[in-house]
Amino acid sequence: MTGSTGGPVVVGLGATPTDLGMVRLAAREADTHGRSLALVHAFNWEAALAGPSLAGSRDTAEELIARAATAANEVAPAVPVSGEIVEGAPVGVLVRRSETAFLVAIGDGGMTGCGRCVPADAPAVQLAARAGCPVLVVRPEPPPPGPVLVGVDGSPGSRAALDFAFGCAARRPARVIVVRVVEPGRPDGDDDPLGALVAEARRHHPEVAAECHTVHGDPGTVLVEQSRSAQVALVGARGDQPGRGMLGEVSQTLLYHAPAPVIVVRGLVSAVPAGA
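Residues numbered from 1 in each chain as written. Predicted model: local features only at pLDDT ≥ 70, side-chain atom pairs only at ≥ 80, totals over all residues. Heavy atoms only, no water.

As named in an unreviewed UniProt entry, the chain is Nucleotide-binding universal stress protein, UspA family, taken from Micromonospora rifamycinica. If you open the UniProt record of the chain and go to Sequence similarities (unreviewed entry), you find "Belongs to the universal stress protein A family." (UniProt positions renumbered as here; feature names shortened; annotations may be inferred.)

Below, the structure is given as structure tokens:
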């Protein structure tokens, strides 16, 4: 399974106007990659029927989409924007849309501000685990104009993330910081696997400046710290097991705690050439 090469950037709108920062960032991503922007609001009919006015709930949803479209046009006026209200649970709707999307964006729901209390069924976590394309999880605060950070461990998922990171950096433009974390007690290796992987990924984007770092420590902790100065952090969904419904410990740690927006790269593993 590979992500859709011609698909839009899909934005999952919540029930409040606080998603406008996410919409702006997603619109910039769409502009950067030459994609259209699809604003999707999942309409919960059960909740609407329990409310005082079904028409009022629908009107509120339409107003949210209109405000989001205006915000997107302000930062990326050349990007085509569409809006749709879809019946169903938000995560399920976005998982289905991810089958034909280039990227799906969702807010983090305040995960970075609640310490260790993040539930495993948080919408951003569920979407990142089940989507068929890369998932952008956006923070409430705008990111700094820093580098593109990517964590690499040599697995197919991290190699897909590395390729995607170079594509992101080439279109911004920005430099790429590639970090390989060696856990305590494990050998570094006799060769230079990181340099070889970066050279292969950079072959398609030779104009992108890249820095490679091998750091000793806990992978999640190191990458969270490194992400503080990044404009976006990328990671594979799960080391050597890129299957649906699963997230690795490192990707979960970044989702929960990284201050930067996080792109969990999935749905692209089979696009990585064999032996790359």
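Resuming the write-up.
Asker: Which residues make up the overall build of the chain, and what values go with them?
Answerer: When you go through the chain residue by residue, the secondary structure sums to nine helices and ten strands. By the burial criterion, 48% of the 276 residues in the chain qualify as buried. Intrachain contacts of the chain at a sequence separation of at least 6 include 79% that bridge at least 24 residues. Accessible area of the chain: about 12,500 Å², with a carbon and sulfur share of 52%. (Helix = DSSP H or I, 4+ residues; strand = E, 2+ residues; numbered from the N terminus. Buried < 20%, exposed > 50% of the residue type's maximum accessible area, 1.4 Å probe, protein only. Contact = heavy atoms within 4.5 Å. Areas by Shrake-Rupley, 256 points an atom, 1.4 Å probe, with all protein chains shown as cover.)

Asker: Pulling in residues and values, what's your account of the packing of helix α6 (residues 156-171) against helix α7 (residues 193-202)?
Answerer: The N-to-C vectors of α6 and α7 enclose an angle of 45°; their axes lie 9 Å apart at closest approach. One way to sum up the angle between α6 and α7 is to call them oblique. Helix-helix and strand crossings are classified by hand; for α6 and α7 the assignment is right-handed. Contacts between α6 and α7 pair R159, L162, D163 and F166 from the former with L197, V198, A201 and R202 from the latter. Classifying every residue of the contact of α6 with α7 by side-chain character gives five nonpolar, no polar and three charged. (Axes fitted to C-alpha atoms, helices over the stretch in contact; angles between N-to-C directions. Parallel < 35°, antiparallel > 145°, perpendicular 65-115°, else oblique. Left-handed = near helix turned anticlockwise from the far one by under 90°. Nonpolar A, V, L, I, M, F, W, Y, C, P; charged D, E, K, R; others polar.)

Asker: Give me the lowdown on the packing of aromatic side chains, citing residues and values where you can.
Answerer: In total, this model carries one aromatic pair according to the counting rule given. Above the plane of the ring of F102 lies R35, whose end atom (NZ or CZ) is 3.9 Å from the centre. (Phe/Tyr/Trp six-rings, centres within 6.5 Å; stacked < 30°, edge-to-face > 60°. Lys NZ or Arg CZ within 6 Å of the ring centre and 35° of its normal.)

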